[in-house]
Amino acid sequence: MKKCRICGKKAIIYMPHHRLALCREHFVEWFEKYTERTIKEFKMFTKKDKVLVAISGGKDSLALWHVLRKLGYEADGLYINLGIGEYSEKSKEKVLKFAEKINGKAIIVDLKEELAGIPELVKITSREACSVCGLVKRYNFNKVAKEHGYNVIATGHNLDDEASALLANVLNWNEKYLGRKYPVLEEEAGFVRKVKPFCKFTEKETALYALLNGIDFIEEECPFSEDATSVFYKKILNEIEERSPGTKLRFYLDYLRKIYPKFRKEEEKKELQPCKVCGEPTVGEICPVCRLREKVEASSG
Ligand code: SF4
Ligand code: ZN
Ligand code: ZN
């Protein structure tokens, strides 16, 4: 086993993409400093901002909330109960327990009360679960952040999430995606700024950080995630990474440096306007979530 680069003790992790082996203590220290560095590098937010962390109950989002508070940022949590049976019940429990442990404020939105749970929305719309789920989550993050006076929304997306989504979109030559995905999306026309401070950490690194800090997260995956193509792309990327360490991080960072600036310029700005029903920004007259609401109301007679 390799030795910690800082103190020479037995290392618990070797990160080939950084050529870095670290012991328990120095990994935790490195992880926190690296998060701070990413926040500053992309000018995500400062100590003056009010940050709302989107919490799912999983390792990434809870670890993010933990780190941000430890680094001294003003960060509260937002949990959306998606109404996905036992999975949602368990994850909500984890979130509430964690909030109590760190003495943090967690805002809870119950989708079943607000609109309908994801399984019902899938039935009504015949859309894929993750697509409708993504839509209602994004909508609620933005709406709740504004209602409660937060000016930044932070999500726990890690390198595996970002690189796998990038791979899927490159394979489809989705040019719109290539001009839009960045660790910071600035505030515009009714959208609150969105940031991803963990975008350079692998899933393995965030899991280890969560574990070493005694963070009790939900280990079960959402039952709908089995259908998600992202799982398949993550697996492929991990196989490539095994053969050629460092590829995943380089693939993502080269996109940010070389590809994003080119495609960004070409991305046309859509005309956004407030939804006639709820006031959230949208391209049409009525936003997709208000249209969903109409369908839910029609189906319940
Ligand atoms: Fe939502 Fe899909 Fe994630 Fe489940 S796997 S929480 S349905 S986005
Ligand atoms: Zn050490
Ligand atoms: Zn609306």
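What counts, and at which threshold
- Residues numbered from 1 in each chain as written.
- Chains lettered and ligands numbered in written order.
- Predicted model: local features only at pLDDT ≥ 70, side-chain atom pairs only at ≥ 80, totals over all residues.
- Heavy atoms only, no water.
- Helix = DSSP H or I, 4+ residues; strand = E, 2+ residues; numbered from the N terminus.
- Expected span 1.5 Å × (residues − 1).
- Buried < 20%, exposed > 50% of the residue type's maximum accessible area, 1.4 Å probe, protein only.
- Contact = heavy atoms within 4.5 Å.
- Pairing = 2+ DSSP bridges.
- Axes fitted to C-alpha atoms, helices over the stretch in contact; angles between N-to-C directions.
- Donors = N, O, S within 2.8 Å, 3.2 Å for Na, K, Ca; no water.
- Tetrahedral: all angles 85-135°; square planar, octahedral: opposite > 155°, others 65-115°.
- UniProt positions renumbered as here; feature names shortened; annotations may be inferred.

End to end, helix 1 (residues 24-41) covers 26 Å across 18 residues, agreeing with the expected 26 Å (1.5 Å per residue, within 8%). Along helix 1, the positions that sit buried rather than exposed are His26, Phe27, Val28, Trp30, Phe31, Glu32, Tyr34, Thr35, Glu36, Thr38 and Ile39. Along its buried surface, helix 1 packs onto strand 1 (13-15), strand 2 (20-22), helix 2 (59-70) and helix 9 (203-212). Once helix 1 finishes, lysine 43 follows within two positions and takes phi at roughly 50°, a positive value.

A few words now on the sheet that holds strand 8 (residues 193-195). Reading across from one edge, 5-4-3-6-8-7 is the order of the 6 strands in this open sheet, with mixed pairing throughout. Across the chains shown, the open sheet's two edge strands, defined by having one partner strand only, are strand 5 (106-110) and strand 7 (184-185). As defined by bridge partners, strand 6 (residues 152-154) adjoins strand 8 across 3 bridges and the pair is classed as parallel. Its bridge partner lying in strand 8, isoleucine 153 is registered against lysine 194. Sheet strands in contact with helix 2 are strand 3 (50-55), strand 4 (74-81), strand 5 and strand 6, and its direction is about 155° off that of strand 3. The sheet contacts of helix 3 (residues 85-102) involve strand 3, strand 4 and strand 5, and relative to strand 4 the element is tilted by about 160°.

Protein coordination at the zinc ion (ligand 3) comes from Cys275 (SG), Cys278 (SG), Cys287 (SG) and Cys290 (SG), with a distance range of 2.2 to 2.4 Å. Geometry at the zinc ion (ligand 3) is tetrahedral, judged from the 4 donor atoms that bind it and their angles of 107 to 112° at the metal. Here the donor residues of the zinc ion (ligand 3) share one chain and are spaced in sequence as C-x2-C-x8-C-x2-C. On the criterion of sequence distance, the pair formed by cysteine 275 in the loop between strand 9 (273-274) and strand 10 (281-282) and cysteine 287 in the loop between strand 10 and helix 12 (288-299) is long-range, its members being 12 residues apart. Grouping residues by exposure puts cysteine 275 and cysteine 287 together as buried.

Moving on, we come to the coordination of the zinc ion (ligand 2). At this site the zinc ion (ligand 2) is bound by Cys4 (SG), Cys7 (SG), Cys23 (SG) and His26 (ND1), with donor distances of 2.1 to 2.3 Å. Spacing between the donor residues of the zinc ion (ligand 2) along their common chain follows C-x2-C-x15-C-x2-H. For the pair formed by cysteine 23 and histidine 26, the shared burial category is buried.

What follows is about the pairing of strand 4. By the criterion of burial, strand 4 is predominantly enclosed, with 7 of the 8 residues buried. Bridging between strand 3 and strand 4 involves 6 bridges; their strand directions are parallel. Note on strand 4: the bridge partner recorded for leucine 52 is aspartate 76. Note that strand 4 and strand 5 share 5 bridges and pair parallel. What sits directly across from isoleucine 80, in strand 5, is valine 109.

UniProt marks residues 3-28 with the feature "domain: 2-thiouridine synthetase TtuA-like N-terminal LIM" (unreviewed entry), using the numbering shown here. The span residues 3-28 carries 19% helix and 23% strand; its end-to-end C-alpha distance comes to 16 Å.

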